[in-house]
Amino acid sequence: MEKIYLGDWLYNAGIVGFLRINNNLWDIKGEELISKDENLLKIGDNYIEIDRKIFDGFTDRFFDYAFNLYGRYNARLEEFQRFLENLNNETFENINKDFKNIIKNFTLLKNKLGDVKAENSQELKHLIEKAIRILEQDKEEFVESDVQIFLRDFYGQKSFLNKTITQDRKKKFYEDFEEPLKTNNNQKDKKLTCVICGERPAKKDTNYDTGFSPVFGLNKDAVNFAWNFNTKLPSCDICEIVYFCYFAGLTELNGKYYFVNLDDSVESLMLANNLFKEEIEKSPENPFIDFFTEYLLRIKKSQAKYTLSNINFLETELKETLPKVFSFNIDYNTAEFIEKNHKNLKSLSKSFFILPDKNKTRVYILTEFLNLILKKDLNYGLLYKIFKSIMQDKAYVSNYNLQRLIIMYLLYKQNLYKQKVGGKEMGLEEKSLDDMYIKGKILLERLKERDAENKIQSIAYKLLNALKIGDTNQFMDVMMRVHMAYDLEVPELLIEALKDKDNFYLLGYSFLNGLLKIQEENQ
């Protein structure tokens, strides 16, 4: 058995890619990565362990995965079918133009198809039908050609990707990789050990060059960058094939490739990258925060603090010298806050409000809250939007969960306050917010008793507007008038609201939450 440990981000992408290519050997149950055959594949904490028999049939799996990832063949077949469905005398010119443009950039099909001149829709129909027949009859040749074209952007001229190889590409891959890997008959260097794993003997005449990676590889022409002018970086056959799989570990978005790098376990690494791929397919506009939100919901509370503070994204355009590395900049205190409030955060996962725009955009509260935290810009504008939507009957969040959100505002602000003033408290407790919420409910009940339910919206709007602009005087004026009018004591906690703006917002929104409890039946 050969052990493959987590390493640099590109090697980790290779591990993810290797597992994806061999996806017949593992499954995900719950949030656990399970091997289907531990005689071939074992999944450890920070490593996978493989038997060389795993490479039996690897050539077909490798080519199939790359072919499907590239996707040109199937896309063109579908386009040609649509051309046939829509082709008539009126559409002839446009479809003819589009068809010629496709053929122009599809060299193998162009050579097989020959002259693509069509004078009318009937001639064009025959040409398109001929193109479809060629694609279907010679599919295997197109598979090999497309994989070669696709992977050249990742690996340069290595093995079957060399420009001199124009046929039998699978055979070349089998001879260079599958056969020697599964039989372990690669020639070994008797003196050198692999610089990547540091364990296995190096494969003879195999160096860690740009054939492995255009990002990290070191060629002979880079001699000035090498210690003692020696560019030789020996590699073993296992590490070589892992790097040769990194293309399958990346996720493409708008011409760029991304990888979520984690160093805690193979399982976390695999689950995170699979989830990121899912989120890109669902929401390509803003996949990063959507990924982060969903990932937070899936990981265990015990993992949250460590995982969130050690997660980063890699972005590469492949041809650039170095990838961009960026993260959510989750410092220890933010990660700790998320860990402590894991349960409260998960309770908001389905809560949302609808924006008053043409598209009636649905905004998920958890995603927005986390976005503000990660940008270190937690303001009260989010609470204003939620309450305004509630009053317009366009929010779907329970009063209980909304109160949990307000309390999380308090806890987050307290955390920041302690950091700024050396461990001192803000002077406001969770109990105070709950008490203010109850005071709001009391006013609600009194209005119902006095048959004044029609006043609730008016009172709530006045309070909400005062909160929006941070006007404590206006808020206090409304509170005093309403409580005196309905024979209620003005809450003593309002004194706290006058001391500090954060207190004002938190106590004010807690009260408003209790007052608007009538909306819960619509949520």
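Residues numbered from 1 in each chain as written. Predicted model: local features only at pLDDT ≥ 70, side-chain atom pairs only at ≥ 80, totals over all residues. Heavy atoms only, no water.

So, the nonpolar core
Ranked by size, the top nonpolar core spans 93 residues in total, and within it Phe 62, Phe 80, Phe 99, Leu 151 and Phe 247 carry the most contacts. Tallying contributions element by element places helix H1 (residues 9-21) first for this core, with nine residues. Not counting the four nearest positions on each side in its chain, Phe 99 is found in contact with Phe 80, Phe 83, Leu 113, Val 116, Leu 124, Leu 127, Ile 128 and Ala 131. Residues Leu 378, Leu 433, Leu 488 and Leu 506 belong to the second largest nonpolar core, which totals 66 residues. (Core = buried A, V, L, I, M, F, W, Y, C linked by side-chain atoms within 4.5 Å. Buried < 20%, exposed > 50% of the residue type's maximum accessible area, 1.4 Å probe, protein only. Helix = DSSP H or I, 4+ residues; strand = E, 2+ residues; numbered from the N terminus. Contact = heavy atoms within 4.5 Å.)

Some points on the packing of aromatic side chains
Under the defined criterion, the tally for this structure stands at 43 aromatic pairs. An angle of 25 degrees between the planes, with centres 6.2 Å apart, marks the rings of Phe 58 and Phe 173 as stacked. Here the residue Phe 58 occupies a position in helix H2 (residues 58-70), and Phe 173 occupies one in helix H8 (residues 169-183), the gap between them amounting to 115 residues. Ring centres of Phe 337 and Tyr 412 lie 5.2 Å apart, and the angle between their planes is 70 degrees; this geometry places the pair in the edge-to-face category. Taken together, the residues span a long stretch of sequence, with Phe 337 in helix H13 (residues 332-340) and Tyr 412 in helix H17 (residues 399-420) at a distance of 75 residues. (Phe/Tyr/Trp six-rings, centres within 6.5 Å; stacked < 30°, edge-to-face > 60°.)

So, the packing of helix H19 (residues 456-469) against helix H20 (residues 472-485)
Packing of H19 against H20 brings their axes to within 8 Å, and their N-to-C directions diverge by 155 degrees. It follows that H19 is roughly antiparallel to H20 by the angle criterion. Once H19 is placed against H20, the crossing between them reads as left-handed. Residue-level inspection shows Ile 459, Lys 462, Leu 463, Asn 465, Ala 466, Leu 467 and Ile 469 of H19 in contact with H20, the latter providing Gln 474, Phe 475, Val 478, Met 479 and Val 482. In terms of residue class, the contact of H19 with H20 is built from nine nonpolar, two polar and one charged. (Axes fitted to C-alpha atoms, helices over the stretch in contact; angles between N-to-C directions. Parallel < 35°, antiparallel > 145°, perpendicular 65-115°, else oblique. Left-handed = near helix turned anticlockwise from the far one by under 90°. Nonpolar A, V, L, I, M, F, W, Y, C, P; charged D, E, K, R; others polar.)

With respect to H1
Here H1 contains 13 residues, and its C-alpha end-to-end distance of 18 Å stays within 8% of the 18 Å for a straight helix at 1.5 Å per residue. Summarising burial for H1: 13 of the 13 residues are buried, a large majority. Residue Asp 8 occupies the N-cap position of H1, its side-chain oxygen lying 2.9 Å from the main-chain nitrogen of Leu 10. (Expected span 1.5 Å × (residues − 1). Polar contact = N/O pair within 3.5 Å; in protein donor to acceptor, adjacent residues only side chain to side chain.)

Some thoughts on H20
In this model H20 runs 20 Å from its N-terminal to its C-terminal C-alpha over 14 residues, within 8% of the 20 Å that 1.5 Å per residue would give. Where H20 is concerned, the buried positions are Thr 472, Phe 475, Met 476, Val 478, Met 479, Val 482 and His 483. One face of H20 carries all of its buried residues, which in axial projection span an arc of 165 degrees. Relative to its buried face, H20 has exposed residues pointing more than 90 degrees away, namely Asn 473, Arg 481 and Met 484. Buried positions along H20 lie against helix H18 (430-449), H19, helix H21 (494-499) and helix H22 (501-515). Sitting at the head of H20, Asp 471 places a side-chain oxygen 3.1 Å from the backbone nitrogen of Asn 473. Asp 487, located one to two residues past H20, shows a positive phi value of around 55 degrees. (Arc of directions from axis to C-beta.)

A few points about the pattern of salt bridges
Summed over all chains, the structure comprises 21 salt bridges. One salt bridge connects Asp 138 with Lys 112, and the closest N-O pair in it is separated by 3.1 Å. Placement of the pair is Asp 138 in the loop between helix H6 (121-137) and helix H7 (139-155) and Lys 112 in helix H5 (residues 107-113), with a sequence separation of 26 residues. A salt bridge links Glu 129 to Lys 125; the nearest nitrogen and oxygen atoms lie 2.8 Å apart. Taken together, the residues Glu 129 and Lys 125, both in helix H6 and four residues apart, mark about one turn of the helix. For Glu 129, a relative accessible area of 25% translates into the label partly exposed. (Salt bridge = Lys/Arg side-chain N within 4 Å of Asp/Glu carboxyl O.)

Examining the pairing of strand S3 (residues 32-35)
Along S3, the buried face is formed by Leu 33 and Ser 35; none of Glu 32 and Ile 34, which line the opposite face, is buried. Pairing of strand S2 (residues 26-29) with S3 involves four bridges; the strand directions are antiparallel. In the sheet register, Asp 27 faces S3, and the bridge partner there is Ile 34. Turn length for the S2-S3 hairpin, with the two strands adjacent in sequence and antiparallel, is two residues, and the turn residue Gly 30 shows positive phi of about 70 degrees. (Pairing = 2+ DSSP bridges.)

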